[in-house]
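As a plain string of letters, each chain reads:
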Amino acid sequence: MKSSKIAGLGYYVPKNVYTNEDLTKFMDTSDAWIQERTGIKERRFADRKGETTTTMAVSASVTAIERANISVEDVDFIIFATLSPDYYFPGSGVLLQRELKMKEVGALDIRNQCSGFIYALSIADQFIKTGMYKNILVVGSEKHSFAMDFSTRGRNVSVIFGDGAGAALIQPATDGSSGILSSHLHSDGSYAEELAMHYPGTSGGKWLENKPNWSEQELGGMFVTPEMLENGALYPYMNGQEVFKKAIVKFPEVIMEALEKNNLKKEDIDLLVPHQANLRISKFVQKSLGLKDGQVFNNIQKYGNTTAASIPIALCEAWEEGKIKDGDLVCLAAFGAGFTWGSALIRW
Ligand SMILES: CC(C)(COP(=O)(O)OP(=O)(O)OC[C@H]1O[C@@H](n2cnc3c(N)ncnc32)[C@H](O)[C@@H]1OP(=O)(O)O)[C@@H](O)C(=O)NCCC(=O)NCCS
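Cut-offs and rules
- Residue positions are given per chain, counting from 1 as you read along its sequence in written order.
- Residue-level local features of this predicted model are given only where pLDDT is at least 70; pairs of side-chain atoms are given and counted only at 80 or more, and the full residue set underlies all totals for whole chains, interfaces and linings.
- Note on burial: count the other C-beta atoms lying within 10 Å of the residue's C-beta; 20 or more is buried, 12 or fewer is exposed, in between is partly exposed, and C-beta positions come from the backbone.
- Helix numbers and strand numbers start at the N terminus; a helix is a DSSP run of H or I with at least 4 residues, a strand a run of E with at least 2.
- Strand pairing requires that DSSP identify at least two bridges connecting the strands.
- One fewer than the residue count of a helix, multiplied by 1.5 Å, yields its expected span.
- Any nonpolar core is a set of buried residues, restricted to Ala, Val, Leu, Ile, Met, Phe, Trp, Tyr and Cys, that join up through C-beta atoms within 7 Å.
- Start and end points for every domain follow an automatic or database-based domain assignment.
- Note on contacts: each residue gets a C-beta atom placed from the backbone, and two residues are in contact if those atoms are within 7 Å.
- Each residue gets a C-beta atom placed from its backbone. If that atom is within 6 Å of a molecule or strand, the residue is near it.
- Only Asp, Glu, Lys and Arg are considered charged, only Ala, Val, Leu, Ile, Met, Phe, Trp, Tyr, Cys and Pro nonpolar, and every remaining residue, Gly among them, polar.
- Fitted lines through C-alpha atoms serve as axes, helices being fitted only where they are in contact, and the angles separating the N-to-C directions of these axes extend from 0 to 180 degrees.

Draft legend 1. Region of the structure containing the pairing of strand E13 (residues 340–347). The buried fraction of E13 is high, at 8 of 8 residues. The alternating pattern of E13 places Thr-340, Gly-342, Ala-344 and Ile-346 and Trp-341, Ser-343, Leu-345 and Arg-347 on opposite faces, both of which are buried. Pairing of strand E8 (residues 179–187) with E13 involves 8 bridges; the strand directions are antiparallel. Paired with Ser-187 across the strands is Thr-340, a residue of E13. Judged from the 8 bridges that link them, strand E12 (residues 329–336) and E13 form a sheet pairing that is antiparallel.

The structure is reproduced here in structure tokens:
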């Protein structure tokens, strides 16, 4: 069975930089609080009118396709990871297909939040291994800035997230030694509500408790109600401490799972590119695995947490900076909403 490799990488971040100081204009927070708790100094927010999750994905994809030395017509499948799609449905994969003027290829949207890129990569790997596709475009893109509570009420969440996109073009590996060695995916749905955007959704029945006499017409609009707006229920919710506690256990666990599967050791990792959840989490993981500074790549300081986009952005930046060379052992790992988590080990 063929293995697969990353043949091209690209990323895009919006031009608008918002520093921590900028956020203090909308909410009661401080540069010191944000940096101490998360390591973030600034993040990018998409242009409110012109940029969407899809337009950012287009920019990242064009670069990844060019770097793989293929053309758009050669792409035979799209896997799009996002929690902030342009539309509730259809997914952003078909919008990307349209904007790039691609052939009528399949487009799969996946919803695995911060682990989205690892899940997408793993799916691409399986399709390449079976020979079903030869050039798969894997994208992670997020426009968080359109659905965040920028008042003091939402500060524990809104200071963390930023916008951006990353893309990877996946192909069969031509030699026997390089490529994706393995991927490992996990979830624990008992934490589903601890990091979530509960509405809009079809679970809105609880809002009926105060509305015993709603008409059928009103019930037809339960997806979004004025009460949800008033209560801030349309914004993401995060139990930060629960996320932190679980993340610092699951990150090292799933990295070790990948190493053990391939009979490799922590010292063999040339570069760990963790999902950029929070610098404190990355440092914790680095310490618990005993990795040196040069073995772990972080760029959350500049972009905040870009969820499904964070790994491809970081991977691309690390590669552009010459931190990944042929033959290197690169480990990707993620943890996030669901909870879901995963890892992938790549021989570059
Ligand atoms: C979110 C996180 C930084 C919050 O840090 P924390 O130490 O747990 O903070 P708490 O939520 O206990 O809040 C501590 C205080 O800071 C306040 N606070 C919360 N956000 C704040 C902000 N942006 N600025 C200033 N103060 C803030 C709280 O209101 C609370 O005040 P109180 O003590 O008067 O009630 C931390 O839990 C974390 O890093 N969690 C992981 C989150 C993560 O990585 N998410 C990404 C998902 S993949």
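More follows now that the structure is in view.
Draft legend 2. Looking closely at helix H5 (residues 116–129). Over its 14 residues, H5 runs 20 Å from end to end, which matches the ideal 20 Å to within 8%, given 1.5 Å per residue. Buried residues of H5: Gly-116, Phe-117, Ile-118, Tyr-119, Ala-120, Leu-121, Ser-122, Ile-123, Ala-124, Asp-125 and Ile-128, and no others. Positive phi appears at Gly-131, one or two residues downstream of H5, with a value of about 85°.

Draft legend 3. View of the nonpolar core. Grouped together as the largest cluster of nonpolar side chains are 97 residues, with contacts concentrated most on Ile-79, Ala-120, Val-138, Val-139 and Cys-331. When residues of this core are assigned to domains, at least three map to each of domain 1 (4–172) and domain 2 (179–193 + 237–347). Those residues in contact with Cys-331, other than ones at most four positions away along the chain, are Ile-255, Ala-258, Ile-269, Leu-272, Ser-343 and Leu-345.

Draft legend 4. Structural view of the site of the ligand. Taken together, 21 residues are adjacent to the ligand, and Thr-29, Arg-37, Arg-155, Gly-240 and Asn-278 come closest. Of all the secondary structure elements, the ones that give two or more residues to the shell around the ligand are helix H2 (31–38), helix H6 (155–158), helix H9 (240–261) and helix H10 (279–289). Here the residues of the shell around the ligand sort into 10 nonpolar, 8 polar and 3 charged. Composition of the shell around the ligand by domain shows at least three residues from each of domain 1 (4–172) and domain 2 (179–193 + 237–347).

Draft legend 5. Main features of the domain arrangement of the protein. Domain annotation of the protein identifies domain 1 (4–172) and domain 2 (179–193 + 237–347). The C-alpha-based centres of domain 1 and domain 2 are spaced at 17 Å. Facing 43 residues of domain 1, the contacting portion of domain 2 comprises 40 residues. For the side of domain 1 that touches domain 2, the secondary-structure elements that each account for two or more residues are strand E1 (4–12), H2, strand E3 (42–44), H5, strand E6 (136–142), H6 and strand E7 (164–172). The element that contributes the greatest number of residues to the side of domain 1 that touches domain 2 is H5, accounting for 7 residues. Tallied by class, residues from the side of domain 1 that touches domain 2 come to 18 nonpolar, 16 polar and 9 charged.

Draft legend 6. Structural detail: the sheet that holds E12. The 4 strands lie next to each other as E8-E13-E12-E11, forming an open sheet whose pairing is mixed. Whereas interior strands pair on both sides, the edge strands pair on one side only; in this sheet they are E8 and strand E11 (271–274). Averaged over all neighbouring strand pairs, the angle between strand axes comes to 10°, with direction disregarded. The sheet contact formed by E11 and E12 spans 4 bridges and is parallel. Counted as the bridge partner of Leu-271 is Val-330 from E12.

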